[in-house]
Every structure is written in C-alpha cells, then in structure tokens.
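Structural description and commentary
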Amino acid sequence: EVQPLFPGEAGTRLAEAHEAPLLGHVPFDPEAAALAESGDLGALVERTAAGRVLGEVAASIVQTIGAAS
C-alpha cells in the first residue's frame, strides 16, 4: 500500500524554517522498494508513485542548477 512514510507536515515546516524549496513528498511505496533492491531503477521511476515523485525532484534540481548557471 502506498502511503506517507511520515505523518504530518514536518518536511514543509523544515523547508520553510530554512527558506529552502520543498522538492517533493516521496511516499512509502513497497513496489518502489522492491524495484530499487533489484536494481531496476528505470521501472521504479516509470511505474511507481515514489518513482514519479523522485523523477519530479530530479527534474527540479536539474532546472534549478541550470537556472543558476
């Protein structure tokens, strides 16, 4: 079952406290954990909720770095 790893909004509050962008909320996703363990990272990103969020986080980082260059 896909669900939040931690309840509440601690990540949001932490980002706000440090004036940093919140890049995403990665859920606990058992399928993603199994795919990561097997080394199938392409399937992890394409087929799981956690993978989609991780892909969005990576895209945000790349965009931020590109904008700073």
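Look above for the structure.
Scope of this entry: the structure provided in the associated data block. Values in this document were obtained by computation on a predicted structure and should not be read as measured data. (Residues numbered from 1 in each chain as written. Predicted model: local features only at pLDDT ≥ 70, side-chain atom pairs only at ≥ 80, totals over all residues. Heavy atoms only, no water.)

Moving on to the layout of surface pockets. Of the pockets and cavities examined, the largest pocket occupies roughly 290 Å³. Around the largest pocket, the lining is made up of 13 residues, and of these Leu 5, Phe 6, Gly 8, His 25 and Val 26 lie nearest the centre. Here the residues of the lining of the largest pocket are counted per class, giving eight nonpolar, four polar and one charged. (1 Å grid on protein atoms, 1.4 Å probe; cavity = no way out; pocket = protein on both sides within 12 Å on 5 of 7 lines; lining within 4 Å. Points joined across faces, edges and corners; volume = space filled by probe spheres on them. Nonpolar A, V, L, I, M, F, W, Y, C, P; charged D, E, K, R; others polar.)

Right, let's talk about the pattern of salt bridges for a bit. Enumeration according to the criterion identifies one salt bridge in this entry. Of the charged contacts, one joins Arg 47 and Glu 31 as a salt bridge, the two residues approaching to 3.6 Å between their closest N and O atoms. Here Arg 47 is found in helix 3 (residues 41-47), whereas its partner Glu 31 is found in helix 2 (residues 30-38), with 16 residues between them in sequence. (Salt bridge = Lys/Arg side-chain N within 4 Å of Asp/Glu carboxyl O. Helix = DSSP H or I, 4+ residues; strand = E, 2+ residues; numbered from the N terminus.)

Together, Leu 5, Phe 6 and Phe 28 make up an exposed nonpolar region whose accessible area comes to about 340 Å². Here Phe 6 is to be found in the segment before helix 1 (10-17). Given a relative accessible area of 64%, Phe 6 falls into the exposed group. (Patch = residues over 30% accessible without salt bridge, like charges linked within 9 Å, V, L, I, M, F, W, Y side chains within 5 Å. Areas by Shrake-Rupley, 256 points an atom, 1.4 Å probe, with all protein chains shown as cover. Buried < 20%, exposed > 50% of the residue type's maximum accessible area, 1.4 Å probe, protein only.)

Two or three places before Glu 31, at the start of helix 2, stands the capping residue Asp 29, its side-chain oxygen 3.1 Å from that residue's backbone nitrogen. Gly 39 occupies a position one or two residues after helix 2 and carries a positive phi of about 85°. (Polar contact = N/O pair within 3.5 Å; in protein donor to acceptor, adjacent residues only side chain to side chain.)

All right, on to the side chain of Asp 29 then. Looking at the element boundaries, Asp 29 is found in the loop between helix 1 and helix 2. Arg 52 provides the closest opposite charge to the buried, salt-bridge-free Asp 29, at an N-O distance of 6.2 Å. A polar contact is formed between the side chain of Asp 29 and the backbone nitrogen of Ala 49, at a distance of 3.1 Å. Discounting chain neighbours no more than four positions away, the residues touching Asp 29 are Val 2, Thr 48, Ala 49 and Ala 50. (Lys, Arg positive; Asp, Glu negative; His and termini not counted. Contact = heavy atoms within 4.5 Å.)

What follows deals with the environment of Ala 36. The topology assignment puts Ala 36 in helix 2. Of the residues examined, Ala 36 reaches a relative accessible area of 38% and is grouped as partly exposed. Put simply, Ala 36 and Pro 4 are 32 residues apart on the chain and 18 Å apart in space, counted from C-alpha to C-alpha. With sequence-adjacent residues up to four places away left out, Ala 36 is seen in contact with Leu 41 and Leu 44.

What follows deals with the environment of Ala 67. The residue Ala 67 is located in helix 4 (residues 49-68) in this model. Counting along the chain gives 11 residues from Ala 67 to Glu 56, while the straight-line C-alpha distance between them is 16 Å.

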